[in-house]
Amino acid sequence: MSPAADTAPAAAEAAEPLLEVDDIHSYYGKSHILHGISLAVGAGEVVALLGRNGVGKSTTLKAIMGLVQPSRGRVRFAGGAITGLPPHRLARLGIGYVPEERRIFRLLTVIENLRTGLDRHGVGKERKKALLDKVYEFFPVLAERRNQAGGTLSGGEQQMLAIARAMMLEPRIILLDEPTEGLMPRMVGQIREIIGVLRRDGVAVLLVEQNVPLTLSASERVYILEKGVVRHHARSNELHADDGIIHQYMGI
Amino acid sequence: MGVPLQQVLIQTVNGIVTGMILALVASGLTLIFGIMDVVNFAHGELFMLGAYVGVLTMAATGNFWLALIAATIAIALLGAVIYLTTLRPLLGRDPLTTILATFGISLVLQNYALWQFGPVARKIAEPITGHFTLFYLQYPWYRVVIALISAAIIGGLWLFLKFGTWGIWIRATTQDRVMAQAMGIPVPSVLTTVFAIGAAMAGASGVLFGPLTAVDSSMGVDWILKVFIVVVVGGMGSLAGSIAAALMISLLEAYASLWVSPAQAVIVSFVVLILTLLFRPTGLFAATGR
Amino acid sequence: MSRRPSLVYWTGFAVILALLIVAPLVLPEFWRRFVTEILIWGLLAMSSDILIGYTGMVSFGQSAFFGLGMYGAAAALLSVAPPNLWLALVYGLAGAAAAAGFVAYFSTRLRDIYFAITTLIFSQIFYVIIFTWTAVTGGENGLTFDRPALAVPGLFSIRFTATTLHWFVLAMVAGSYLALRRITQSPFGMVLQSIRENEARTRAIGYPVERYKIVAVMLSGLFAGLAGVLYALQNEFAAPDFVFFLVSGEAVIFNVIGGVGTLVGPIVGAAFFLLLREGLSRFFTEFYLIPLGAIFVAMVIFMPQGLLGFMRRWLNQ
């Protein structure tokens, strides 16, 4: 994993942020989905996007990852412009993506899934082994099932695989889309732990979630979206799950 | 019935020989379809041009094995060129446009061959002369050798896909192209490579099939239909399916030729297709899933 | 579909019709035949357009329908004496309809690519049957027969001249065009287009999509069969070459070149293709398909809307 960055939030914001999204718009056919989203994530920070279904949270992640081409606006990563670059380049630059529904390769074994991220230029055998060991240490169930087809894993195990797979890229930031969706409630704690581990290792996380308590406890800052724009931006420790703002935008 | 067992067994061997070559051609087509949803109408022409490259190489060197290698490489390159110029631009569009485009390409390639090589059929000499006694026949060794080589190539492909980084990349891209990209897999290169591999397999088949038949510009057209039938019956995108279907159809046709002429024996493949469409339209040997 | 003011449209139609009527009177025989062929192939391409352009189903089955129309007419003209024009039409259309029904039954439940391949294979099935059943179909050599007279039993009987045959073909093709235009603009046609746009939604709304598709294939088969009958009348022979799937491919090419979903497009496409072929053959002799094929591929990539679409955009600028 990348060396632990200075995790003091103030310092992270002062320097140029690791990821900067500037006024992106996107369409799906004729539907205007993103109406000008701007946000920033500092190195090693955990930032969250909250909002109801359909406000454009997932689309924002996809736009960052190059899976959706913004019609307007720019995205900058690690000091360089990345708008319009193809997804496979972004992955190599250090952006990991864990989509909604996990989307692991069902017909590939666990180890083969991991290898899709592991087999890269310039990564020697030693480093690969170290990466694998680390991930097996943290997700022992994956080690057990390493030769099983991805499709035979349970929902929770698939989620772990999806995250582990992204970690194989040694990313500087992971885009995490609704990791607790479809998982049993007791897995939520495990997700919180995983986010904590990523943070300790200096990997930034941009988290999209519907689970408000998890989001507020795991992240440092939160953007609240509505109808394709950012409506509110605050430090997570200034918000509570029962705040009026949360009620207003989450409809809970 | 009155058909001696020996004849049936000989036809079995014949069926397996043509079946293996058919499997080789069909594998390329199904591999391409599986990964990029492209039905390559020009596949038959790649087969035919491979045979012609074989003819030319044989004429220059007299060496069958060189001809095989030359055809494989040449058609792989041709495949890459075709993909980059005409199929990549069509990637995001309605998959039916690729049928049209590859159909157009097949017309161009077919007439090109007719123009360059003329209507007189050519021959590729057998790599190995000599026969062995199969019951009452002197059965040529080269047929068996050709079947073995086809099997070896298919086996090699399977190994390549199963192990090795590119194999994982190809299988991942086939299953979920978007996530493959998100994992840093260079999907554009993977697609080009797979098309080239599929083309190379067709080209190699052309050379392997050469000694069994006459090489002329309509070879591809004669075969493409059977290849399509094999791929549909086997399940589009399923490698194992096309191999099994190829063998099954070839064997059935070989047996049928005991009673009817070869021109009519093709009805067998049509019947198999109709039955498959009626009862198991996704393929007799259910596709392993995408 | 067409937003053009009706007056402009019908005026254009009348002008073209007039030109086509006059054509055989002023053109040398070679070109006269050429124009008649354009009309026949145009009709075949139009029949293909019902499926490709309006219902969104790429079909390679036209050659089977065309071929059976041709052979059906041949059967009538050879088996019944004196050769009867109307009987030829009936036999031909019946044969084509039967083929269409057969193909429709198996193929319509399949989605796009499978449908295309299956229609292709069925075309070939018919080809093989016709090619090998020598006793009935004349096999490789096909069948030759005499052109019947234009006759209404009991009233009159005139032998066709080159000119009157052209007019007959023109009447049939123009009539087909008008009929198809009516059909595609009818509620039925609207449903077909809705299937093309979004099949799942059309089905969800409650339309029996399969049945509509089957009717579309039958319609396509009928008009393709008519083209086959006309071809038989024009050339006085039927040959298996015309049942080979490449003929279907050509119909599709005319559609794409001209512009799918326009009915006029396919005829324009046929004319363009045949003219190009004529021109290119001067230089490339029988290898005209090399440049023509390349042009076709380029059009698929760069001008997917066909000539008509291109013209439309160009005019709208």
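Refer to the structure printed above.
Within any chain, residue numbers begin from 1 and follow the written order of that chain's sequence. Starting at A for chains and at 1 for ligands, labels are handed out in the order in which the entities are written. The predicted nature of this model means local features are confined to residues of pLDDT at least 70 and side-chain atom pairs, given and counted, to a pLDDT of 80 or more, with totals for whole chains, interfaces and linings taken over all residues. Excluded from the side-chain calculation are hydrogens and water; included are all heavy atoms of the structure.

## Regarding the overall build of chain A
Move 1: For helices the rule is a DSSP run of H or I covering at least 4 residues; for strands it is a run of E covering at least 2, with both sets numbered from the N terminus onward. Within chain A, the secondary structure is distributed over 10 helices and 10 strands.
Move 2: The C-alpha radius of gyration of chain A comes to 17 Å, within 12% of the 18 Å expected for a compact globule of 252 residues.
Move 3: When its C-alpha atoms are laid out on the principal axes, chain A stretches across 45 × 40 × 40 Å.
Move 4: Each residue's exposure class comes from its accessible area (1.4 Å probe, protein chains only) as a fraction of the maximum for that residue type: buried when under 20%, exposed when over 50%, partly exposed otherwise. For chain A, with 252 residues in total, the buried portion stands at 54%.
Move 5: The criterion used for residue contact is that any of the two residues' heavy atoms lie within 4.5 Å. Sequence separation of 24 or more characterises 70% of the internal contacts of chain A that already satisfy a separation of 6 or more.
Move 6: Accessibility throughout is a Shrake-Rupley quantity obtained with a 1.4 Å probe, and a residue counts as covered only by protein chains that appear here. For chain A, the exposed surface amounts to about 10,900 Å²; the carbon and sulfur share of it is 50%. This radius of gyration counts C-alpha atoms alone. The globule rule is 2.2 Å times how many residues there are, raised to the power 0.38.

## Here's the deal with the packing of helix α4 (residues 85-107) of chain C against helix α5 (residues 112-132) of chain C
Residues and elements named next belong to chain C.
Move 1: Axis geometry follows a simple rule: fit a line to the C-alpha atoms, using only the stretch in contact for helices, then measure angles between N-to-C directions, giving values from 0 to 180 degrees. Running from N to C, α4 and α5 cross one another at 145 degrees; their axes reach a closest spacing of 10 Å. Where α4 crosses over α5, the handedness of that crossing is right-handed. Residue-level inspection shows A99, F102, V103, F106 and S107 of α4 in contact with α5, the latter providing F115, T118, T119, F122 and F126. In this scheme the handedness of a crossing depends on how the near helix is turned from the far one: anticlockwise by less than a right angle means left-handed, clockwise means right-handed.

## Topic: the interface of chain B and chain C
Move 1: Listed per partner, the contact involves 41 residues of chain B and 39 residues of chain C.
Move 2: Here chain B packs against chain C, burying approximately 3,600 Å² in sum over the two surfaces, 87% of which is carbon and sulfur.
Move 3: The salt bridge definition used is simple: a Lys or Arg side-chain nitrogen within 4 Å of an Asp or Glu carboxyl oxygen. Inspection of the region where chain B meets chain C yields 0 salt bridges.
Move 4: Contributing elements (two or more residues each) for the side of chain B that touches chain C: α3 (64-87), α4 (95-117), α9 (219-234), α11 (262-265) and α12 (267-279) of chain B.
Move 5: For the side of chain B that touches chain C, the element with the highest residue contribution is α4 of chain B, accounting for 15 residues.
Move 6: Charged residues are taken to be Asp, Glu, Lys and Arg, nonpolar residues to be Ala, Val, Leu, Ile, Met, Phe, Trp, Tyr, Cys and Pro, and polar residues to be all remaining types, Gly included. Classifying every residue of the side of chain B that touches chain C by side-chain character gives 33 nonpolar, 6 polar and 2 charged. Put simply, buried area is the surface a 1.4 Å probe can reach on two separate parts but cannot reach once they are joined, added for both.

## Things to note about the arrangement of the chains
Move 1: Out of 2 pairs of chains that touch, the pair holding the most contacts is chains B and C.
Move 2: These two, chain A and chain C, are apart from each other, with no contact and a minimum C-alpha gap of 14 Å.

## Focus on the interface of chain A and chain B
The accessible area lost on association of the parts is a frequent measure of interface size.
Move 1: On the chain B side, the residues contacting the 21 residues of chain A number 23 residues.
Move 2: Taken together, the two surfaces of chain A and chain B that pack against each other cover about 1,900 Å², and 62% of this comes from carbon and sulfur.
Move 3: At the junction of chain A with chain B, the criterion picks out 2 salt bridges.
Move 4: The residue R103 of chain A makes a salt bridge to D176 of chain B at a minimum N-O spacing of 2.8 Å.
Move 5: Identification of polar contacts relies on pairs of N or O atoms within 3.5 Å, with a donor-acceptor requirement for protein atoms, meaning one able to donate a hydrogen and the other able to accept it, and with residues adjacent in sequence counted only if both atoms are side-chain atoms. Joining chain A to chain B, the criterion identifies 7 residue pairs in polar contact (both at pLDDT 80 or more).
Move 6: Counting residues per element, the ones that place at least two in the side of chain A that touches chain B are α3 (87-93), α4 (110-118) and α7 (155-167) of chain A.

## A closer look at the nonpolar core
In a soluble, globular protein the nonpolar side chains are often hidden away together inside.
Move 1: By size, the foremost hydrophobic cluster in this structure holds 248 residues, and its most contacted members are I173 and L206 of chain A, F228 of chain B together with W41 of chain C.
Move 2: For this core, the leading source of residues is helix α1 (residues 5-36) of chain B, giving 15 residues.
Move 3: Setting aside residues no more than four positions away along its own chain, L206 of chain A makes contact with L19, L39, V41, V47, L49, L61, I64, I173, I174, L175 and L176 of chain A.
Move 4: Within this scheme, the nonpolar core is defined by two criteria: the residues are buried Ala, Val, Leu, Ile, Met, Phe, Trp, Tyr or Cys, and they are joined through side-chain atoms within 4.5 Å. Counting residues in each nonpolar core, the second largest holds 49 residues, with L118, V135, M167 and I174 of chain A among its members.

## Focus: the pairing of strand β4 (residues 72-77) of chain A
For a regular strand, the rule is simple: side chains alternate between the two faces of the sheet.
Residue and element names in this part refer to chain A.
Move 1: When DSSP finds two or more bridges between a pair of strands, those strands are recorded as paired. Looking at chain direction, strand β1 (residues 19-28) and β4 are connected through 5 bridges and run antiparallel. Of the residues in β4, the one forming a bridge with D22 is R74.
Move 2: The sheet contact formed by β4 and strand β5 (residues 80-81) spans 2 bridges and is antiparallel. The residue bridging F77 from the neighbouring strand is G80, located in β5.
Move 3: Counting the residues that bridge the hairpin from β4 to β5 gives 2 residues, and of these A78 lies at a positive phi of roughly 50 degrees.

## What to know about the packing of aromatic side chains
Move 1: Put simply, two rings from Phe, Tyr or Trp (the six-membered ring, in Trp's case) pair if the centres are within 6.5 Å, and we call them stacked under 30 degrees between planes, edge-to-face over 60, tilted for the rest. On inspection of all chains with the given rule, the structure shows 38 aromatic pairs over all chains.
Move 2: Ring geometry for Y112 of chain B versus W115 of chain B: centroids 6.0 Å apart, planes at 70 degrees, classification edge-to-face. With Y112 of chain B and W115 of chain B both in helix α4, this residue pair falls 3 residues apart, about one helical turn.
Move 3: Measuring from ring centre to ring centre gives 5.3 Å for F30 of chain C and W31 of chain C, while their planes differ by 85 degrees; the resulting arrangement is edge-to-face.
Move 4: Judged by its relative accessible area of 45%, F30 of chain C falls in the partly exposed class.
Move 5: Its relative accessible area of 31% is what places W31 of chain C among the partly exposed residues.

## As for the packing of helix α11 (residues 245-258) of chain C against helix α13 (residues 289-302) of chain C
All names here are of chain C.
Move 1: With their axes 10 Å apart at the nearest point, α11 and α13 run at an angle of 50 degrees to one another. With respect to α13, the element α11 is oriented oblique. Pair α11 / α13 crosses with left-handed handedness. Of the residues in α13, those touching α11 at I253, V256 and I257 are F296, M299 and V300. Any angle from 65 to 115 degrees is called roughly perpendicular, while one under 35 is roughly parallel, one over 145 is roughly antiparallel, and all others are oblique.

## A closer look at the sheet that holds β1 of chain A
Residues and elements named next belong to chain A.
Move 1: Overall, antiparallel pairing links the 4 strands, which are arranged β2-β1-β4-β5 in an open sheet. Of all strands in the sheet, those bounded by a partner on one side alone are β2 (31-41) and β5.
Move 2: Of the pairings in the sheet, the one linking β1 to β2 comprises 8 bridges and is antiparallel in character. For H25, the partnering residue across the bridge sits in β2 and is H35.
Move 3: Sitting on the sheet, helix α2 (residues 57-64) touches β1, β2 and β4, and the angle it makes with β2 is about 70 degrees.

## Overview of the environment of I224 of chain A
Residue and element names in this part refer to chain A.
Move 1: By the element assignment, I224 lies in strand β9 (residues 221-226).
Move 2: Along the primary structure I224 and A48 are separated by 176 residues, whereas in three dimensions their C-alpha atoms are 8.3 Å apart.
Move 3: For I224, the residues in contact, after removing those within four places along its chain, are L50, V229, V230, R231, H232, I245, I246 and Y249.

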